[in-house]
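The lines below spell out each chain.
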Amino acid sequence: MGVRSRSAGGWGRGAGAGKGRRMISVSLWMICSSWLCWSANAQMKIPPETVQQWAVSYGKQILALSTKYSGSLLLQKKYKDIESTVKMEEVDGEELVKRFAEEMEGMLGRKMKSVKRLAEAAEDADLYHEFNATLQFDYYNSMTINSVDEEGNPVELGGEFPLEENEHFNKLAVNTQQSDIQVPTNVYNKDPNILNGVYMSEALNDVFLDNFQKDPTLTWQYFGSATGFFRLYPGIAWTPDENGVVTFDCRNRNWYIQAATSPKDIIIVVDISGSMKGLRLTIAKHTINTILDTLGENDFVNVIAYSDYVQYVEPCFKGTLVQADLDNREHFKLLVEELQVKGEGKVKKAMKESFKILNEAAARGQGSLCNQAIMLITDGAMEDYEDVFQEFNWPERRVRVFTYLIGREVTFAQNVKWIACNNKGYYTHISTLADVQENVMEYLHVLSRPMVINHDHDIIWTEAYMDSVLPNTEELFNTRAQSLLLMTTVAMPVFSKKKETLSHGILLGVVGTDVPLKELMRLAPRYKLGVHGYAFLNTNNGYILSHPDLRPLYKEGKKLKPKPNYNSVDLSEVEWEDDDEKLRTAMVKGETGSMSLDVRATVEKGRRVMFLKNDYFYTTINETPFSLGIVLTRGHGEFIFTGNVSIKEGLNDLMQPDVTIADEWTYCETDIDPHHRKLTQHQAVFRYLTGKEPDLECDEKLLRQTLFDAVVTAPMEAYWTAVMLDSSGMEEGVETAFLGTRSGLMRVTRYVGSEKRVAKRKVFSKKFLSPSDKENIFTLDHFPLWYRRAAEYPAGKFLYYIPKEDTREVSGKMVISTTAVTVTVEKKTAVAGAIGIQMTLDLLETRFWATAKQPNDTDCSNTEGICPLTCEAMDLACYIIDNNAFIIISKERNDVGRFFGEVDGSVMAQLIRMGMFKRVSLYDYQAMCKMGGHSTSSARPLLSPFYGMVAALKWFLTNFLLRFLLEFNICGFWHSDHLAEAKPGFKASAQRKKADILQPCDTEYPSFVYEPSIKETNSLIKCGRCQKMFVTQAVPDSNLLILVVQADCDCSRQYPPITMNPKEVKYNASVKCDRMKSQKVRRRPESCHAYHPHENAKECGGASHIYPSVSLFLTCLTASLACLKASALVCR
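Because the structure is predicted, anything quoted here is derived from the model rather than measured.

Asks: With reference to specific residues and values, describe the overall build of the protein chain.
Replies: Tallying secondary structure elements over the protein chain gives 33 helices and 40 strands in all. A total of 1132 residues make up the protein chain; the buried ones form 55% of that total. The contacts in the protein chain between residues at least 6 apart in sequence include a share of 75% that link residues at least 24 apart. Summing over all exposed atoms, the protein chain offers an accessible surface of approximately 49400 Å²; the carbon and sulfur share of this is 52%.

Asks: With reference to specific residues and values, describe a negative patch on the surface.
Replies: Where like charges cluster on the molecular surface, the negative patch consists of E90, D92, E94, E95, E102 and E103. At 4 residues, the largest contribution of residues to the negative patch is made by helix α5 (residues 93-127). Assignment of secondary structure puts E94 in helix α5. Relative accessible area serves as the criterion here: at 43%, E94 is assigned to the partly exposed category.

Asks: Quick rundown of helix α14 (residues 436-454)? Include the residues and the values.
Replies: S448 marks the point of greatest bend in α14, at about 45°, and the proline P450 comes within the next four residues. By the criterion of burial, α14 is predominantly enclosed, with 15 of the 19 residues buried. Following α14 by one or two positions, H455 has its phi on the positive side, about 60°.

Asks: Explain the sheet that holds strand β25 (residues 659-660) to me, and be specific about the residues and the numbers.
Replies: Whenever strands of a sheet pair, they do so through backbone hydrogen bonds, lying parallel or antiparallel. Read across the sheet, 6 strands follow the order β25-β29-β28-β32-β31-β30 without closing on themselves; strand pairing throughout is antiparallel. Each end of this open sheet is capped by a strand with a single partner; those strands are β25 and β30 (799-801). In this fold helix α3 (residues 48-70) packs onto β28 (734-741), β30, β31 (814-825) and β32 (828-840), with an angle of close to 100° to the strand it touches most, β32.

Asks: Run through the environment of K774, naming residues and quoting values.
Replies: Examined against the element boundaries, K774 turns out to sit in the loop between α24 (764-767) and α25 (785-791). Counting along the chain gives 10 residues from K774 to P784, while the straight-line C-alpha distance between them is 7.9 Å.

Asks: An account of the pairing of strand β21 (residues 593-603) is needed here, citing residue identities and associated values.
Replies: Where β21 lies against strand β22 (residues 608-620), 11 bridges are found, and the strand directions are antiparallel. Across the sheet, the residue bridging to A601 is M610, located in β22. Linking β21 to β22, which pair antiparallel, is a turn of 4 residues; within it E604 sits at a positive phi near 55°.

Asks: How would you sum up unusual backbone geometry? Please name residues and give values.
Replies: Glycine aside, a negative phi is what most residues show, and trans is what most peptide bonds show. The omega angle of the peptide bond from Y233 to P234 is -5°, so this bond is cis rather than trans. Following the sequence through the fold, P234 ends up in the loop between β6 (230-233) and α8 (254-260). At E604, a position not held by glycine, the phi torsion is positive, near 55°. Inspection of the secondary structure puts E604 in the loop between β21 and β22. A positive phi angle, close to 55°, is found at K605, a residue other than glycine.

Asks: Describe the packing of aromatic side chains, and please don't skip the residues or the numbers.
Replies: As enumerated under the stated definition, the model contains 44 aromatic pairs in all. An angle of 5° between the planes, with centres 5.6 Å apart, marks the rings of F355 and F392 as stacked. In this pair, F355 sits in helix α11 (residues 347-363) while F392 sits in helix α12 (residues 386-392), placing the two residues 37 residues apart along the sequence. When sorted by exposure, F355 lands in the same class as F392, which is buried. For the ring pair Y923 and Y925, a centre distance of 6.3 Å and an interplane angle of 15° mean the geometry is stacked. By relative accessible area, which is 27% here, Y923 ends up partly exposed. Three or more aromatic residues link up through ring pairs in this structure, and these residues are W665, Y667, F738, F768, F778, F783, W786 and Y787. The positively charged end of R607 is found above the aromatic ring belonging to F886, 4.1 Å away from the centroid. When the ring centre of F611 is taken as origin, the NZ or CZ atom of K918, which lies over that ring, is 4.9 Å away.

Asks: Can you lay out the environment of D299 for me, pointing to particular residues and giving the numbers?
Replies: Looking at the secondary structure, you find D299 in the loop between α9 (279-293) and β8 (300-306). In this structure D299 comes out as buried when scored by relative accessible area, which is 5%. Leaving out residues up to four positions away in the same chain, D299 has contacts with S262, P263, K264, T294, V322, Q323 and A324. Only 3.0 Å separates the side chain of D299 from the backbone nitrogen of K264, close enough to count as a polar contact.

Asks: Can you lay out the sheet that holds β21 for me, pointing to particular residues and giving the numbers?
Replies: With antiparallel pairing, the 5 strands of this open sheet are ordered in space as β18-β17-β23-β22-β21. At either margin of the open sheet sits one strand with a lone partner, and together these are β18 (544-546) and β21. The average undirected angle you get between the axes of adjacent strands in this sheet is 35°. As defined by bridge partners, β22 adjoins strand β23 (residues 627-633) across 7 bridges and the pair is classed as antiparallel. Across the sheet, residue D615 finds its bridge partner in β23, namely L632. This element, α5, spans β17 (534-538), β21, β22 and β23 of the sheet and lies at about 145° to β23.

Asks: Which residues make up helix α6 (residues 192-200), and what are the values?
Replies: Among the residues of α6, those classed as buried are I194, L195, N196, G197, V198 and M200. As for α6, its buried residues are in contact with α5, β4 (180-182) and β6. Structurally, the start of α6 carries an N-cap: the backbone nitrogen of N193 is 2.8 Å from a side-chain oxygen of D191.

Asks: An account of the pattern of salt bridges is needed here, citing residue identities and associated values.
Replies: Scanning the entire structure with this criterion turns up 47 salt bridges. In this structure, the salt-bridge partner of D379 is R280, at a minimum N-O distance of 2.8 Å. Of this pair, D379 sits in the loop between β11 (371-378) and α12 while R280 is found in helix α9, placing the two residues 99 residues apart along the sequence. Taking the relative accessible area as the measure of exposure, D379 reaches 9% and is therefore buried. The residue E1095 makes a salt bridge to R400 at a minimum N-O spacing of 2.8 Å. Here the residue E1095 occupies a position in the loop between α32 (1069-1077) and α33 (1110-1131), and R400 occupies one in strand β12 (residues 399-406), the gap between them amounting to 695 residues. The exposure class of E1095 is buried, given its relative accessible area of 11%.

Asks: A description of the packing of α5 against helix α7 (residues 204-214) should follow, citing residues and the corresponding values.
Replies: Here α5 crosses α7 at 165°, and the two axes come no closer than 10 Å. For the element pair α5 / α7, the angle class is roughly antiparallel. Taken as a pair, α5 and α7 cross one another with a handedness that is right-handed. Between α5 and α7, the contacting residues are S114, R117, L118, A121 and A122 on the first element and L204, V207, F208, N211 and K214 on the second. Along the lines of polarity and charge, the residues of the contact of α5 with α7 split into 6 nonpolar, 2 polar and 2 charged.

Asks: I'd like a description of the environment of I419, backed by residues and values.
Replies: Structurally, I419 can be placed in helix α13 (residues 413-421). Classification of I419 by relative accessible area gives buried; the value is 1%. A C-alpha to C-alpha distance of 8.9 Å links I419 and F389, two positions 30 residues apart in sequence. Non-local contacts of I419, meaning those with residues more than four positions away in its chain, are made with L376, A381, Y385, F389, V401 and T403.

Asks: Now, about the packing of helix α19 (residues 647-654) against helix α21 (residues 700-713): what can you tell me, with residues and values included?
Replies: Across the interface, α19 lies against α21 with an axial gap of 8 Å and an inter-helix angle of 65°. Relative to α21, the element α19 is oriented roughly perpendicular. The two elements α19 and α21 meet at a crossing, and its hand is left-handed. Of the residues in α21, those touching α19 at I647, E649, G650, L651, D653 and L654 are T706, L707, A710 and V711. Looking at the contact of α19 with α21 residue by residue, the classes come out as 6 nonpolar, 2 polar and 2 charged.

Cut-offs used in this document
- Residues numbered from 1 in each chain as written.
- Predicted model: local features only at pLDDT ≥ 70, side-chain atom pairs only at ≥ 80, totals over all residues.
- Heavy atoms only, no water.
- Helix = DSSP H or I, 4+ residues; strand = E, 2+ residues; numbered from the N terminus.
- Buried < 20%, exposed > 50% of the residue type's maximum accessible area, 1.4 Å probe, protein only.
- Contact = heavy atoms within 4.5 Å.
- Areas by Shrake-Rupley, 256 points an atom, 1.4 Å probe, with all protein chains shown as cover.
- Patch = residues over 30% accessible without salt bridge, like charges linked within 9 Å, V, L, I, M, F, W, Y side chains within 5 Å.
- Salt bridge = Lys/Arg side-chain N within 4 Å of Asp/Glu carboxyl O.
- Lys, Arg positive; Asp, Glu negative; His and termini not counted.
- Charge placed at Lys NZ, Arg CZ, Asp CG, Glu CD.
- Bend = angle between axes of the 7 residues up to and from the residue.
- Pairing = 2+ DSSP bridges.
- Axes fitted to C-alpha atoms, helices over the stretch in contact; angles between N-to-C directions.
- Phe/Tyr/Trp six-rings, centres within 6.5 Å; stacked < 30°, edge-to-face > 60°.
- Lys NZ or Arg CZ within 6 Å of the ring centre and 35° of its normal.
- Polar contact = N/O pair within 3.5 Å; in protein donor to acceptor, adjacent residues only side chain to side chain.
- Parallel < 35°, antiparallel > 145°, perpendicular 65-115°, else oblique.
- Left-handed = near helix turned anticlockwise from the far one by under 90°.
- Nonpolar A, V, L, I, M, F, W, Y, C, P; charged D, E, K, R; others polar.

Now the structure itself:
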């Protein structure tokens, strides 16, 4: 009526028009009204029975296609035939986890013995070495080996040092007969302390070689000296950064710091009064950051700033200690950067607050319950503060106080030194940025005194970490599973045993060796755990050491980089279904037991979800802070069957050209004998079984099962060959047939003629199932994707999907079709393997479009709705979607591979409402989110560009001449890491303003799953003036659905797209604070060395006076100018 009244008004205004014109208007109005009425009420009808006929017909076609070219019926028959001969065993998870743990304990025990031998050798060498201040000694410096000068002569500390690529050491060029020495650029490489230490530690070369012969699985062995040099075996050529700088200092590494000291509670107290402005505040901030870098996950910390009053840099942490994990340390660094100077310094209040925090923590049983220390960073102390120490710390002096006097002024040096000397601490004077590193390290030597005097050689194990120092790190990032890039280090302190220095507690350094976690995880073989099973390790603090779902890398541009918090991912953030953290608590406490969880597991990088019932079994690994867990999935991990065939019969079938085995698995140990290291697992198995290498250590049970699978699957080669030779010809578009078994055996056939088609389709077909296609082959980390997905689908029914990695044009996309094969004995069923084909999307499309149309002569007498119905009609949109609602076929070819909800939110919303699809919430606690405009990151520069320039200039002018007098190695100082980091830092800061910075965050994202009990549905969706009809029908014997949608009704305004994009979980200030300071259950290290009655506390620091001669000055100046010139060329 509204339309009509408006039109009538229009006629009234045009009363002078002719009669014919008025009749035309009325006719147009009637046509328009009729169309609107039809659109609103006379809705298009899509006959559901027609769509059902299409689904049945299409299902029969693709089932026949998949069955024929895969040979699945034959393979299932072959496994059915042997059911009477195989033995079905129930997997005992408790027994399995204990056995794995014992093997890991044995392996780690061998590493500990190697480290002990190194420590003993180093201490003996020092005992019989007399310090020689004039010692002249040439050694192999890893920076200069094999280098020559302009005349072709070896450079100083260089010389010929043979290097050869070695498989065992990540294909790096190494010298397995000799170690060499690395010295940081800011340490003078011919300093008497360095030369004496290097000379003394030459004795370790024989021990390195002996250790490697006794245990060929050892990787890097090393000695990190307290003076700064690093002896590494095997020797390598060290690669400096682009500025020619080596910033690596072994004393900064976590393994060194943990071995040198016991756990500690640290309160950092920094003066931000007005006198601390400018360079002093810059040095103070750098000092705080350096102290934070010396802390680990067994330590606890807080940071307090003071002027007229006391302020916590993080108010959330007021009055408490927080674990010094990577997240909290980086958080403190960000807040420290924001500190500003103001007011007058009142150190007394700050010291009282610090003592209260430490005392309350000890009283409540919180913190490390070991060493306690206050780090006072100030430019002077004028108050009467003695009564504070009398009240809180004397006479026991349980809390050590370390003082750092900042700036050139020494007016208050005695006051600041008095504080340290009367509280068993150490005093240092820091006047430049270059002084920070060496002076901060002094506190570690003081804390190590009780342990050194006691001669307690505590063995420590580090958390997981990546060795980013090695030159081929980037290559490893791109070729290995992320969870297998990590390593742990076992380390032990080295002490001086000389009687005359016993009370001084002299720490000589730390020895250690690396243990790649992938080698440890090989001791929990995948085949014993089943298709979805896995093993994982965590530390005494609950952090992940190894887990297949750990993702330590993220992509920045085209490069993969470690996440800022990659080694402090908690077990509860990966096994997030453990809501009550019962699993985490039990494992952290070192308990042995089991539990079950219903979990939502994901594949294809989180796009698809599977609902599993997992049984967890866990135990501790003795003599380490680690716990081991294994997961067996109900239905897949419960049973394992074993068969038996003769070696001759099995070997013949195993060596056929279409057969491969999992090269990342350990069928035979090839890493013990150097002659075996270049053998593939396939070659090693052949040589062992034929008697050519009888000394190889092999997994007999795995070999027996592999031979059995080779025999059972052998007929598939003849079958696939017969299909290719069929006179009726091959179906255009079938590319590859493949199968895989639980033993890691795969058979692959590329159908004849596919090579030419593959050349047109470029990379995916060639990559599929190749060694580089990690997602689709057996790896140390997982079973192939097609195997895992098939295992969750009824055996005999094929599952179809388009791989996520297939990002090419639609005309070249491939489809995977796969199904499971099972073995049943006495009603116990185990998955024997999976089989399938790879085919072109064109093949499936051609079949579907031919099926989804009725001919014009169709009998429509009994059909209600559109007849004949065809998907070619302009007003119909037809889709094939899979059980996760990803589009496989669409008229709009750019939609292929997309989530259907993004294409049509209205229909997807209705399918969810009707229960045909279920929305499943998933969480990612390892995500990286954009920070927006906030210019902070864990890798941020020390200074902003402007203030950095000013501070650097001021530092240069005020300190340059003095450094000439005090530093013999100005070239080394020029290349010091502070300057090297500052220069790219200025540039990086500007770049970060233009780009989005990523930071760790928590996200929630959806996945969608088809409910198989609902086979069909149809509905009308009201969208304003039109209604949209759709019909959905399941395709029999598959995971596919046909979706026919009315295309001429646009509902996008009323129904926005439904996406799978993750959303960051935002926490309010209160919740965020609680999360940051919450202290989860952890197991403290067993040993603590905080006190010894014979400790010489009188050695508490102080500046020595140096009076350089004029001749020395001139010599140093000449050398330094030459070095500066050379440095400028390098930097260019």
